[in-house]
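Chain residues, written in single-letter form:
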Amino acid sequence: MNRNYQKDLDRLLQNIEKENRVPRLFLHSCCAPCSSYVLEYLSEYFEITLFFYNPNISPREEYEKRVQELRRMTEEMKFRHPVHVKEGVYRPEDFYEMAKGLENVPEGGERCFRCYRLRMEEAAKLAKEGKYDYFTTTLSISPLKNAPKINEIGEELGEIYGVAHLPSDFKKKNGYKRSIELSAEYGLYRQNYCGCVFSRREQEKKKEAGERRAQESQDSSLNFTGSVVH
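To keep things clear, this report deals only with the structure shown in the data block. All figures in this text were calculated on a predicted structure; none of them were measured in a lab.

What counts, and at which threshold
Residues numbered from 1 in each chain as written. Predicted model: local features only at pLDDT ≥ 70, side-chain atom pairs only at ≥ 80, totals over all residues. Heavy atoms only, no water. Disulfide = S-S within 2.5 Å. Buried < 20%, exposed > 50% of the residue type's maximum accessible area, 1.4 Å probe, protein only. 1 Å grid on protein atoms, 1.4 Å probe; cavity = no way out; pocket = protein on both sides within 12 Å on 5 of 7 lines; lining within 4 Å. Points joined across faces, edges and corners; volume = space filled by probe spheres on them. Helix = DSSP H or I, 4+ residues; strand = E, 2+ residues; numbered from the N terminus. Nonpolar A, V, L, I, M, F, W, Y, C, P; charged D, E, K, R; others polar. Contact = heavy atoms within 4.5 Å. Phe/Tyr/Trp six-rings, centres within 6.5 Å; stacked < 30°, edge-to-face > 60°.

One covalent bond between the sulfur atoms of two cysteine residues makes up a disulfide. Tallying each qualifying case throughout the model produces 0 disulfides. Free cysteine Cys-34: the closest other cysteine sulfur is in Cys-31, separated by 3.6 Å. Looking at Cys-34, the relative accessible area reads 14%, which means it is buried.

Taken as a whole, the largest pocket encloses approximately 570 Å³ of empty space. Contributing to the lining of the largest pocket are 31 residues, with Ser-142, Leu-144, Lys-145, Tyr-193 and Cys-194 lying nearest its centre. Among the secondary structure elements, those contributing two or more residues to the lining of the largest pocket are α2 (32-42), α5 (110-129), α7 (175-186) and α8 (197-226). Looking at which element gives the most residues to the lining of the largest pocket, the answer is α8, with 4 residues. Residue classes in the lining of the largest pocket are distributed as 14 nonpolar, 10 polar and 7 charged.

The next subject is empty space enclosed by the protein. According to the stated counting rule, one finds 1 cavity of 30 Å³ or more in the structure shown. One number sums up the size of the largest cavity: a volume of about 70 Å³. Around the largest cavity sit Phe-95, Glu-107, Arg-111, Cys-112, Cys-115, Tyr-116, Arg-119, Lys-145, Cys-194 and Cys-196, which together line it. Grouping the amino acids of the lining of the largest cavity by side-chain chemistry returns 6 nonpolar, no polar and 4 charged.

The next subject is the side chain of Ser-179. Mapped onto the elements of the fold, Ser-179 is located in helix α7. The class for Ser-179 is buried, based on a relative accessible area of 2%. With sequence-adjacent residues up to four places away left out, Ser-179 is seen in contact with Pro-33, Ser-36, Tyr-37, Ile-141 and Arg-190.

The next thing to look at is the packing of aromatic side chains. Overall, the coordinates contain 12 aromatic pairs when judged by the stated rule. With a centroid separation of 5.0 Å and an interplanar angle of 35 degrees, the aromatic rings of Phe-26 and Phe-51 are classed as tilted. One end of the pair, Phe-26, is in strand β1 (residues 24-29); the other, Phe-51, is in strand β2 (residues 47-52), with 25 residues separating them in the sequence. Neither residue differs from the other here; Phe-26 and Phe-51 are each classed as buried. An angle of 40 degrees between the planes, with centres 6.0 Å apart, marks the rings of Phe-95 and Phe-198 as tilted. Note that Phe-95 is positioned in helix α4 (residues 92-98) and Phe-198 in helix α8, a separation of 103 residues in sequence. A connected cluster of aromatic rings, assembled from ring pairs, spans Phe-26, Phe-51, Tyr-53 and Tyr-132.

Structural data, given as structure tokens:
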């Protein structure tokens, strides 16, 4: 039976409200657009440290652009409880070491799962060190990300590091749609690939294939309309 992580989160938030306390959440962030809705939603219940740790992002200019957008967004948005930003160490070599042998695996496969873990494990370690009540990631807001796998990894890391993982499937309750609305409201930069060179390459191939199909369709239409029936 498929587990509903949003319902798990709903129950947890109800308990937090009954306890009349503000727990601390260490929230891994992949980018500003994905973080926008998650912050709007969770800052009602938590004091949040937004952790930007993404060694998968390439090139460095892209990485810097995403960091700047994240900082700008948190400065401009209003939250019920405090939101802090912490930037992790940018070491792309860690990502490439992790991806060895998986370079040609399609997007959404094992390479992505290991990338989830790489980033979430760093968040779990720091959440433990900082004595946070919970940790989680914004990744599950994307329709292209595997929420059950993200939660599976989070729960495993929670057991290892002794810090509670906050269940999530942030695309639910129109979360992804709301992130698009907030991106438009704050003029956020929305990238067209997850961040890594492999994702970028796959997106470029899809774009080229789409352009070829469009050109072939146009050529076919011209040939048809320009033909003479004898």
